[in-house]
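If you want the building blocks of each chain, they are given just below.
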Amino acid sequence: MRIVIVALVCMLLASCGTKFAYRNMDWFILEYVEDFVDLSSDQDDILTLQIEQISDWHKAEELPLYVEHLDSLLSLTPEIITQREITDQFKQIELHSERLLTRVAPDLYALTQTLTDDQVSQLLESIAERHQKYRDKYQDLSVDEIHERYQERIGEKVEDWIGRLSAEQETIIESWGNDFMISAFEWMSYQKVMHEEWKSALENREDLSYFQPKFRQLLFYSDEFFSPELTEMIAHNRKVSEVHIVEIAQSMSEKQWKHFRKEITQWKEIAQELQE
């Protein structure tokens, strides 16, 4: 549930029609939510009002912080990029997500209290279907095939930010993907655990003494349900990414730095325009 919320807003902000999507966020979110569960007209009205309020808050409070963060990215140079710097950048991104989650949590909680039993069943089934799609994506792949998929995904993202890759950078990305611990199967186990936890929570949502703390735990402290193996893999893969991001940055040409700064500048301009 937590990932769904954050991913949705990120999807809106990262879409090709960013400004249109942001300014029509109520419609996009309603459409997205109704991919999971059919809402009544009253629930639609309440959610629309909540989204409008969240949008106003996001515009006033969050977008200026995004601009500030983007300015810090514009100031980066090869000389100052270290693993510590990349760690700090990751933490800044996490803080953006945490503030958003904190803001939407009360509205999400209120929505759960209006769900019927049929809606809860539909919601859980929809989430299970998405988990199955994730399993279908990875479960029949070999270790080498998964590493190749990691490399392709990393390469595409890096190229989006810095432009055409050099041979040296392609080698770095190959190592990056190979150095990752394969966490897909642990994520599948985690998804199964979380589905059962949300099922128990939502089926007992009228028992507030149980549901309120469980809701908070599942939303804000979902990492408590990570297996020790998954926790280790996440930490390892984060460290691997930090190391290889530094290597990529140190290998970038002036042309690639210009490409990177142009991308960041475009995002900054969008964030500034959305505040108007």
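Chemist: What should I look at first to understand the confidence of the model for the protein in this one?
Modeler: When pLDDT is low, close inspection of the predicted coordinates is not appropriate. Counting all residues, the mean pLDDT for the protein is 89, and 89% of those residues have values of 70 or more. Within the protein, the lowest mean pLDDT, 44, falls on helix α1 (residues 2–14), and the highest, 97, falls on helix α8 (residues 167–179).

Chemist: Which parts of the structure should I look at to understand the environment of Pro228?
Modeler: Structurally, the position occupied by Pro228 is in helix α11 (residues 228–251). Look at Pro228 and you get exposed, because its relative accessible area is 65%. Each C-alpha atom, one on Pro228 and one on Glu186, is 9.8 Å from the other, the two residues being 42 residues apart in sequence.

Chemist: It is not clear to me how the environment of Leu124 should be interpreted in this structure. Could you clarify?
Modeler: In this fold, Leu124 is placed in helix α6 (residues 117–138). Leu124 sits in the buried class, given a relative accessible area of 7%. Linking Leu124 and Leu202, residues 78 residues apart in sequence, is a C-alpha distance of 9.2 Å. Among all residues touching Leu124, those that are not within four sequence positions of it are His195, Trp198, Lys199 and Leu202.

Chemist: Sorry, what's going on with the side chain of Gln119 here?
Modeler: Here Gln119 lies in helix α6. We classify Gln119 as buried; its relative accessible area is 8%. At 2.8 Å, the side chain of Gln119 and the backbone oxygen of Asp38 are in polar contact. A polar atom in the side chain of Gln119 sits 2.7 Å from the side chain of Gln43. When residues no more than four places from it in sequence are discounted, the contact partners of Gln119 are Val37, Asp38, Leu39, Ser40, Gln43 and Thr114.

Procedures and definitions
Residues numbered from 1 in each chain as written. Predicted model: local features only at pLDDT ≥ 70, side-chain atom pairs only at ≥ 80, totals over all residues. Heavy atoms only, no water. pLDDT = per-residue confidence, 0-100. Helix = DSSP H or I, 4+ residues; strand = E, 2+ residues; numbered from the N terminus. Buried < 20%, exposed > 50% of the residue type's maximum accessible area, 1.4 Å probe, protein only. Contact = heavy atoms within 4.5 Å. Polar contact = N/O pair within 3.5 Å; in protein donor to acceptor, adjacent residues only side chain to side chain.

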